[in-house]
Amino acid sequence: MLQQIEQWIDQTNLKHKEQRVACSTFFDEFKGFYSLEFLQQAYFVIVDEIPKPHFPELRHLGLGDFIDMNVNGITYKNTYYVVPHLASNLRLHFHELVHVAQWEILGAIAFMERYITEIRTKGYYDAPLEKMAYAFDSHFINGGEKIDVPHFIAQKI
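Not measured: the values here are computed from a predicted model.

Student: Which parts of the structure should I look at to understand the overall build of the protein?
Tutor: In terms of regular secondary structure, the protein is built from nine helices and four strands. In the protein, the succession of helices and strands from N to C terminus is α-β-α-α-β-α-α-β-β-α-α-α-α. Radius of gyration (C-alpha) of the protein: 15 Å, near the 15 Å computed for a compact globule of 157 residues. Taking the principal axes of the C-alpha coordinates as reference, the protein spans close to 45 × 35 × 25 Å. Counting over 157 residues, the protein shows a buried share of 45%. In the protein, the proportion of contacts linking residues at least 24 apart, taken out of those at least 6 apart, comes to 64%. Carbon together with sulfur atoms contributes 49% to the accessible area of the protein, which is approximately 8,400 Å² in total. Once the 14 positive and 20 negative side-chain charges of the protein are each reduced to a mean point, those two points are 2 Å apart.

Structure, rendered in C-alpha cells:
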C-alpha cells in the first residue's frame, strides 16, 4: 500500500509541477534555519483544495479522521500544498519545511510508515513528527535563536 501511496504522491507532485514555487523565496526570512540549497530544492503550491490520497486501506487502518481533517497545508516529499488565504503565512511555510526535511532524512517509505504509526497510536497532535514541526514553527515565530533545522532533525530522528 505504501508503494501505491508513493505513486499517488509522485503523480500529484508531477501534476502540479508547473505551479510550484521554490522556497528560496523565503531565504531572507528563514536564513540561519534553512540553507539556500535546501530551500532551492523545496517547493510549495497554492491550491484551493489540499490534495489527499483516498485509499480505502487508510480508513481501514483507522486514519479516517486524519484524512477528513481540514488542514491548511500538507507535505509530500519536497513539495507542500497550502490554501490561498494562508499562502503568505511564514509560520505555515516554516512548519511544512520541517516536514520536507523529515521526508528527505527518512525517505518516503520510512516517513510514511512512521507518520502513519504515530497518527494511529498517538493521534495527530501528539505524533512526534508533528510535535517536532509545531515546536520548530513556534520557535521561529517567537524569535528563537537560529538553528539549522534539517541538521537538527537528522540528529534527532
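Student: In this structure, what is going on with helix α7 (residues 108-122)? I would like to understand it.
Tutor: Along an α-helix, a turn takes 3.6 residues, which lines up residues three or four apart on a common side. The terminal C-alpha atoms of α7 lie 21 Å apart, and with 15 residues this matches the ideal 21 Å at 1.5 Å per residue to within 8%. Restricting attention to buried positions, one finds in α7 the residues Ala108, Phe111, Met112, Tyr115, Ile116, Glu118 and Ile119. Projection of α7 onto a plane perpendicular to its axis shows the buried side chains occupying an angular sector of 165°, all on one side. Turning to α7, the residues buried within the fold contact α1 (2-15), α4 (56-60), α5 (64-68), α6 (90-106) and α8 (128-141). Of the residues trailing α7, Gly123 is marked for its positive phi of about 90°.

Student: How do you make sense of the environment of Asp68 when you look at a structure like this?
Tutor: The topology assignment puts Asp68 in helix α5. Residues in contact with Asp68, not counting those within four places in the same chain, are Lys52 and Arg59.

Student: Where do I start with the pattern of salt bridges in this structure?
Tutor: Going through the model one piece at a time under the given rule, you end up with five salt bridges. As a salt-bridge pair, Asp10 and Lys77 come within 2.7 Å of each other at their nearest N and O atoms. Of this pair, Asp10 sits in helix α1 while Lys77 sits in the loop between β3 (73-76) and β4 (79-82), and the two are 67 residues apart along the sequence. The class of Asp10 is partly exposed, set by a relative accessible area of 36%. What makes Lys77 partly exposed here is its relative accessible area of 22%.

What counts as what
- Residues numbered from 1 in each chain as written.
- Predicted model: local features only at pLDDT ≥ 70, side-chain atom pairs only at ≥ 80, totals over all residues.
- Heavy atoms only, no water.
- Helix = DSSP H or I, 4+ residues; strand = E, 2+ residues; numbered from the N terminus.
- Rg over C-alpha atoms; globule rule 2.2 N^0.38 Å.
- Buried < 20%, exposed > 50% of the residue type's maximum accessible area, 1.4 Å probe, protein only.
- Contact = heavy atoms within 4.5 Å.
- Areas by Shrake-Rupley, 256 points an atom, 1.4 Å probe, with all protein chains shown as cover.
- Lys, Arg positive; Asp, Glu negative; His and termini not counted.
- Charge placed at Lys NZ, Arg CZ, Asp CG, Glu CD.
- Expected span 1.5 Å × (residues − 1).
- Arc of directions from axis to C-beta.
- Salt bridge = Lys/Arg side-chain N within 4 Å of Asp/Glu carboxyl O.

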